[in-house]
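Residue-level listing of the chains:
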Amino acid sequence: MTGVHPDQLDDQQLMKELESIHRTRHDTLLHGSSEALRTHNERMAQLEGEYLRRHPRRPVVSGRTREGARDRGPGPS
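Small disclaimer: the values here were computed from a predicted structure and weren't measured.

(A) Examining the overall build of the chain more closely. Helix and strand counts for the chain stand at three helices and zero strands. The helix and strand sequence of the chain, counted from the amino end, reads α-α-α. Projected onto the principal axes, the alpha-carbon positions of the chain cover approximately 40 × 35 × 15 Å. Considering the chain as a whole, with its 77 residues, one finds that 16% of them fall into the buried category.

(B) Representation of the nonpolar core in the model. Judged by nonpolar contacts, Leu 9, Leu 14, Leu 18, Ile 21, Met 44 and Leu 47 together constitute the single largest core of six residues. Secondary structure elements with two or more residues in this core: helix H1 (11-31) and helix H2 (34-54). Per-element tally for this core: the top contributor is H1, with three residues. Beyond its immediate stretch of four places on either side in the chain, Ile 21 contacts His 40, Arg 43, Met 44 and Leu 47.

(C) A look at the side chain of His 40. Relative to the helices and strands, His 40 resides in helix H2. From its side chain, His 40 meets the backbone oxygen of Ile 21 in a polar contact 3.4 Å long. Within polar-contact distance, the side chain of His 40 engages the side chain of Arg 25 at 3.2 Å. Here His 40 is in contact with Ile 21, Thr 24, Arg 25 and Thr 28, once residues within four sequence places are set aside.

Analysis parameters
Residues numbered from 1 in each chain as written. Predicted model: local features only at pLDDT ≥ 70, side-chain atom pairs only at ≥ 80, totals over all residues. Heavy atoms only, no water. Helix = DSSP H or I, 4+ residues; strand = E, 2+ residues; numbered from the N terminus. Buried < 20%, exposed > 50% of the residue type's maximum accessible area, 1.4 Å probe, protein only. Core = buried A, V, L, I, M, F, W, Y, C linked by side-chain atoms within 4.5 Å. Contact = heavy atoms within 4.5 Å. Polar contact = N/O pair within 3.5 Å; in protein donor to acceptor, adjacent residues only side chain to side chain.

As structure tokens, this is what we get:
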């Protein structure tokens, strides 16, 4: 594993790590080696899993659910 184990990060550190990994995601997908993308995927899953473990009742915006998306109707053609 690369980096500090997510359960050892405080909330502020965890959010900083999540922001960083999400910011670098697109570039890693487009230009990273297979190994870099695999490592990125693993780290992102660890960090996001820890966030979800700590915040199981996080607020969910209705528009970000399947039902909410269906309520919006079809997107632009």
